[in-house]
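# Working through the structure, step by step
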Amino acid sequence: MWKSIQPAPPDSILGLTEEFKKDQNPQKVNLGVGVYKDEAGNTPVLRCVKAAEKILLEKQTTKSYLPISGDPAYAAAVQRLIFGSDGEVISSNRAATIHAPGGTGALRVGADLLHKFTPNVKVWVSSPTWANHNGIFGTAGFEITQYAYYNSESRDLDFDKMMADFETVPAGDIVVLHTCCHNPSGVDLVGEQWEKVATLAAAKGWIPFLDFAYQGFGDGVDEDRFAVEQFARAGCDFLVASSFSKNFGLYNERTGAISVITQNADEASVALSHLKTVVRTNYSNPPAHGGLVATMILDTPELHAMWLEELSDMRDRIVNMRKALVAGLAAQGVAGDFSFIEKQRGMFSFSGWSDEVVMSLRKNNNIYVVGGGRINLAGLTTTNIEYVCAAVASAMG
């Protein structure tokens, strides 16, 4: 069967990590894959996670299957986090939330659910977007198109062009939006911009699908849900794919959720029933451990406070690395104004480095950057920042 089949190309980001792992140079730096790194260059297990796992180890009495939709306590904890504990969506019971295997799994379950009922609509993604959005929605069977988002000249959001594109989106089409910490650009909508988008979505009748993978990495847990609140207030049907990979460090536990927000409790019940049918024919029921850990942390005041403190530390470290990179490039005499990097949010930035610079950094300095110049600021540390800036200066000549 396989003699006439060509190998599939490696994933542009995970493939880069595999190449990085094989590199024997002790000075190597990975600015590619989207995982948080601490000052020592490690992806840590949070103290609150360790504490929750210790309690689970002592109290857990079974490894039996979870329900198809996951633990109801997990769904409730997720809803409090993304809608706010006093959110109208919760009090109205008009959201159906299930435990999905990571943010990617949440996106795919949502895509399969929508394709089940609206197979002929288009999915709109930002230009640029996380590369896997195209793979997920394309494999689910959707035609994909783009809307304007990032202005490469101003290094900022092209809001007017984006809104002009949104005006053309037909009713029923699906628009994928990054709720905060846009991947790959680090450029977000703010305040009134979100209000205008949500109002337009409700008026035009297209379906917002919010990718909420970085809650807490922007301005804070409460502040980062602002976009979700605007769509809830606008009264439109929408979906939210959320993840605990980044903000809890539960990367390999594959802990995410898909929430479908409807008009009322009866519709939410219908949505939940169909979410279950999608899950049953895919992975049957979700993995338990990460969800149990996240639920315990969110439901235990002491652990919750510890988590918020650790999350704040991660967010502050990334902000400091943004500042250090801008200052370091200036100190090395690199031509151009890189102050836009400080204005962006989350782990990622479009550095503006050309593919030639990216290849030079990899070949000559063992610094790994995704094609197009997207960098993960969390890969920078106080010990490698000078080396990186000097390498960039050399590569840009």
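In the block above lies the structure referred to throughout.
All figures in this text were calculated on a predicted structure; none of them were measured in a lab.

### With respect to the overall build of the chain
Each helix and strand counted, the chain has 15 helices and 13 strands in total. Computed over its C-alpha atoms, the radius of gyration of the chain comes to 21 Å, within 12% of the 21 Å expected for a compact globule of 397 residues. With the principal axes as the frame, the chain shows a C-alpha extent of 60 × 55 × 55 Å. Within the span of the chain, comprising 397 residues, buried residues form 54% of the whole. Put simply, 75% of the contacts in the chain that link residues at least 6 apart link residues at least 24 apart. Put simply, the chain shows about 17600 Å² of open surface, and 52% of that area lies on carbon and sulfur atoms. Here the chain contributes 34 positive and 44 negative side-chain charges, whose respective centroids are spaced 6 Å apart.

### Side note on the side chain of Q79
Mapping Q79 onto the fold places it in helix α3 (residues 72–83). Note on Q79: relative accessible area 13%, which makes it buried. At a separation of 3.0 Å, a polar atom in the side chain of Q79 contacts the side chain of T97. Excluding anything up to four places from it in sequence, Q79 contacts G84, I90, A95, A96 and T97.

### Let's talk about the environment of D237
Position of D237 relative to the elements: it lies in the loop between α9 (226–234) and β9 (238–243). For the pair D237 and E153, spaced 84 residues apart in sequence, the C-alpha to C-alpha distance is 35 Å. When near neighbours in sequence (up to four residues on either side) are disregarded, D237 contacts I207, P208, I261, T262, Q263 and E267. At a separation of 3.2 Å, a polar atom in the side chain of D237 contacts the side chain of Q263.

### Observations regarding the packing of helix α12 (residues 301–331) against helix α15 (residues 385–396)
Where α12 meets α15, the closest approach of the two axes is 9 Å, and the angle between their N-to-C directions is 45°. It follows that α12 is oblique to α15 by the angle criterion. The element α12 and its partner α15 pack so that their crossing is right-handed. Residue-level inspection shows A324, L325, G328 and L329 of α12 in contact with α15, the latter providing I385, C389 and V392. Each residue belonging to the contact of α12 with α15 can be placed in one class, and the counts come to six nonpolar, one polar and no charged.

### Details of the sheet that holds β9
Within a beta sheet, neighbouring strands are joined by backbone hydrogen bonds and run either parallel or antiparallel to one another. With mixed pairing, the seven strands of this open sheet are ordered in space as β2-β10-β9-β8-β7-β3-β4. Two strands lie at the open edges of the sheet, namely β2 (95–101) and β4 (143–148), each paired on one side alone. Direction aside, neighbouring strands of the sheet carry axes that sit 25° apart on average. In the sheet, strand β8 (residues 207–212) pairs with β9 via four bridges, with the strands oriented parallel. By the bridge assignment for β9, L210 is matched with V240. Contacts from helix α7 (residues 159–167) reach β3 (122–127), β4 and β7 (174–178) within the one sheet, and its direction differs from that of β4 by about 140°.

### As for the pairing of β2
Where burial is concerned, most of β2 is hidden: six out of the seven residues are buried. Note that β2 and strand β10 (residues 255–261) share seven bridges and pair antiparallel. Across the sheet, H99 pairs through a bridge with A257, a residue of β10.

### As for unusual backbone geometry
Between S127 and P128 the backbone carries a cis peptide bond, its omega angle lying at 5°. As for its placement among the helices and strands, P128 is situated in the loop between β3 and α6 (131–139). Looking along the chain, the bond that leaves N183 and enters P184 is cis, with omega of 25°. Here P184 is to be found in the loop between β7 and α8 (191–204). Look at C181: it is not a glycine, yet its phi comes out positive at around 55°. Among the structural elements, C181 can be located in the loop between β7 and α8. Phi at R254 takes a positive value of approximately 50°, unusual for a residue other than glycine. Exposure remark for R254: the relative accessible area of 32% places this residue in the partly exposed category.

### Considerations on empty space enclosed by the protein
Rolled over the atoms, a probe sized like a water molecule indicates the empty space that remains. With the rule as written, the count across this model stands at one cavity of 30 Å³ or more. Within this model, the largest cavity holds a volume of roughly 30 Å³. Taken together, V78, L81, I82, F212, Q215, S242, S243, F244 and N247 make up the lining of the largest cavity. Within the residue set of the lining of the largest cavity, elements represented by two or more residues are α3 and β9. Counting residues per element, the lining of the largest cavity draws most heavily on α3, at three residues.

### Let's talk about the pairing of β8
Among the six residues of β8, six are classified as buried, and the element is accordingly described as predominantly covered. Residues of β8 alternate between two faces, with I207, F209 and D211 on one and P208, L210 and F212 on the opposite face, all of them buried. With α8 bridging β7 and its parallel neighbour β8, the resulting β-α-β unit is right-handed. In this fold, the crossover linking β8 to β9 by way of α9 has right-handed handedness.

Calculation rules
- Residues numbered from 1 in each chain as written.
- Predicted model: local features only at pLDDT ≥ 70, side-chain atom pairs only at ≥ 80, totals over all residues.
- Heavy atoms only, no water.
- Helix = DSSP H or I, 4+ residues; strand = E, 2+ residues; numbered from the N terminus.
- Rg over C-alpha atoms; globule rule 2.2 N^0.38 Å.
- Buried < 20%, exposed > 50% of the residue type's maximum accessible area, 1.4 Å probe, protein only.
- Contact = heavy atoms within 4.5 Å.
- Areas by Shrake-Rupley, 256 points an atom, 1.4 Å probe, with all protein chains shown as cover.
- Lys, Arg positive; Asp, Glu negative; His and termini not counted.
- Charge placed at Lys NZ, Arg CZ, Asp CG, Glu CD.
- Polar contact = N/O pair within 3.5 Å; in protein donor to acceptor, adjacent residues only side chain to side chain.
- Axes fitted to C-alpha atoms, helices over the stretch in contact; angles between N-to-C directions.
- Parallel < 35°, antiparallel > 145°, perpendicular 65-115°, else oblique.
- Left-handed = near helix turned anticlockwise from the far one by under 90°.
- Nonpolar A, V, L, I, M, F, W, Y, C, P; charged D, E, K, R; others polar.
- Pairing = 2+ DSSP bridges.
- 1 Å grid on protein atoms, 1.4 Å probe; cavity = no way out; pocket = protein on both sides within 12 Å on 5 of 7 lines; lining within 4 Å.
- Points joined across faces, edges and corners; volume = space filled by probe spheres on them.
- Right-handed = clockwise from strand over helix to strand, strands pointing away.

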